[in-house]
Amino acid sequence: MSTVEGPWSAAGRRPAASPRQDRWTVGVDAAAPRSPWGGTAPSRLHAVGDAGLVAGRALCLAPVTLLDPALWVWPDDGDEEWPLCWVCLALTC
Ligand SMILES: [Zn+2]
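Everything numeric in this text was worked out from a predicted model, so none of it was measured.

Engineer: Is there a simple way to explain the nonpolar core in this structure?
Structural biologist: Across soluble globular proteins, you tend to see nonpolar side chains buried next to one another. Grouped together as the largest cluster of nonpolar side chains are twelve residues: Trp24, Val26, Leu45, Ala47, Val48, Ala58, Leu59, Ala62, Val64, Trp74, Cys85 and Cys88. If we skip the residues at most four places from it in the chain, Ala47 touches Trp24, Val26, Ala58, Leu59, Trp74, Cys88 and Thr92.

Here you go:
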């Protein structure tokens, strides 16, 4: 009689909590946010996780247009022209 191995067994258990994702897809605001002084504010860059890729939603749940992951790196590509979403930044750091 052999012991049945299952996900509940101590052997082979992995730290399931907080699957660290070190690679985020970069998205940009689907709709440019309105600035209080009129016109539109610069679009912000957002981090998109695996779940958000399908839904087109960033970590902060803003609707985003996905950017080419070969060209854009979160959060390295943020600058004055492309400010980072601070909510996404807080969730990824
Ligand atoms: Zn965001």
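Engineer: What is the right way to look at the sheet that holds strand S3 (residues 64-66) in this model?
Structural biologist: The strands that make up a sheet pair up through hydrogen bonds in the backbone, lying either parallel or antiparallel. An order of S2-S1-S3 is seen for the three strands of this open sheet, with the pairing classed as antiparallel. The two strands at the open ends of the sheet, each matched to only one other strand, are strand S2 (45-48) and S3. Averaged over all adjacent pairs, the angle separating strand axes in this sheet is 45°, with direction ignored.

Engineer: What's the story with the confidence of the model for the protein in this structure? I'm lost.
Structural biologist: Close inspection of predicted coordinates is inappropriate for parts of the model with low pLDDT. Of all residues in the protein, 73% have pLDDT values of 70 or greater, and the mean over the chain is 82. At the level of individual helices and strands, the protein shows its lowest average pLDDT in helix H1 (residues 50-55), which scores 92, and its highest in S2, which scores 96.

Rules and cut-offs
- Residues numbered from 1 in each chain as written.
- Predicted model: local features only at pLDDT ≥ 70, side-chain atom pairs only at ≥ 80, totals over all residues.
- Core = buried A, V, L, I, M, F, W, Y, C linked by C-beta atoms within 7 Å.
- Buried ≥ 20, exposed ≤ 12 C-beta atoms within 10 Å, placed from the backbone.
- Contact = placed C-beta atoms within 7 Å.
- Pairing = 2+ DSSP bridges.
- Helix = DSSP H or I, 4+ residues; strand = E, 2+ residues; numbered from the N terminus.
- Axes fitted to C-alpha atoms, helices over the stretch in contact; angles between N-to-C directions.
- pLDDT = per-residue confidence, 0-100.

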